[in-house]
Every structure is written in structure tokens, then in C-alpha cells.
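# Overview (structure and organization)
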Amino acid sequence: MTRDPSDAYRLTAEEIVATLGTDLQRGLTDEQASERLARYGHNELAAEPAVLYVPAMQQAFGTTGLNAGDWLRCTLFASTVLWPREVSKLFLRRYRSGSHARSNLERNLRE
């Protein structure tokens, strides 16, 4: 029996698992996942930007767009994981170039 997808909220978890032909503990096999990927495509919202920036969609989904300040804060916050690594690489380069410069200086003094 084919069910109306709009009634999915009425189903129990077991009914959904049976309808989708999967296993609650093991999930899909690699073969099933590949087949569904080929049939349905990636699990993504193509209209995601519309949900964030179109006023009617914002109201329907309860979202709000990001302004320039929000984007700047997000970018700065996200980049904080990069800065410590870049600083450590800078110190390593300077340390290595400094020890290399000392060995060159010592070699030149001996000559």
C-alpha cells in the first residue's frame, strides 16, 4: 500500500523504517545508499538561499538572513582556528632561518 508522504508524521518509527526498506540498527547497505543517491540525488536543499533571504520563506521557516556584520563576525570567529597554526608556522620558520643564519655566520667567521 502506498502512503501519502504528507501523512508521514502519523507513522511510528518502525513503520517508517519498514516503508523506507532499511534497518534501524544497521542503516542502509552501501549498495542501497548508492542506488538511492543515483535515484534521488544528494540530500540538500536547492533553495536554501531563498529560505534565508526571501521574506515569505523567512516567515514560513522562521529564519533570518545574515547582514554584513553577522558575516564578518562569523568569518572572524571561524578563522580563529587558523591563526594559532599560522603563528606557530611563522615562529618555526623564523627559528629555523635563525639557526640557519647562525650556522652561516659561524662558518663565515671560521674562514
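Model, not experiment: these values are computed from the prediction. Throughout this description, residue numbers start from 1 for each chain and increase along the sequence as written. Given that the model is predicted, a residue must reach a pLDDT of at least 70 before its local features are reported, and side-chain atom pairs must reach 80 or more before they are shown or counted; all residues, however, enter totals for whole chains, interfaces and linings. The side-chain quantities take in all heavy atoms of the structure and omit both hydrogens and water.

On the surface, a nonpolar cluster with roughly 310 Å² of combined accessible area is contributed by Tyr53, Leu66 and Trp71. Numbering of helices and strands runs from the N terminus; a helix is a DSSP stretch of H or I covering at least four residues, while a strand is a stretch of E covering at least two. Its place among the elements puts Trp71 in helix α5 (residues 68–79). Patch definition: residues with relative accessible area over 30% and no salt bridge; like charges joined within 9 Å; nonpolar side chains (Val, Leu, Ile, Met, Phe, Trp, Tyr) joined within 5 Å. Surface exposure here means Shrake-Rupley accessible area, sampled with a 1.4 Å probe, where a residue is shielded only by the protein chains that are shown. A pairing counts as a salt bridge when a side-chain nitrogen of Lys or Arg comes within 4 Å of a carboxyl oxygen of Asp or Glu.

Following the criterion strictly, the structure yields four salt bridges and no others. Two residues, Asp23 and Arg26, come together in a salt bridge whose shortest N-O distance is 3.3 Å. Take Asp23: its relative accessible area is 25%, and that puts it in the partly exposed class. Type-normalised accessible area, obtained with a 1.4 Å probe on protein chains alone, sets the label of each residue: buried when under 20%, exposed when over 50%, and partly exposed for intermediate values. Residue class for Arg26 comes out exposed when judged on its relative accessible area of 69%. The residue Arg73 makes a salt bridge to Asp70 at a minimum N-O spacing of 2.7 Å.

The predicted model of the protein averages 81 in pLDDT, with 83% of residues at 70 or higher. pLDDT measures the predictor's confidence residue by residue and takes values from 0 up to 100. The secondary-structure element of the protein with the lowest mean pLDDT is helix α6 (residues 82–110), recorded at 75, while α5 shows the highest, at 93.

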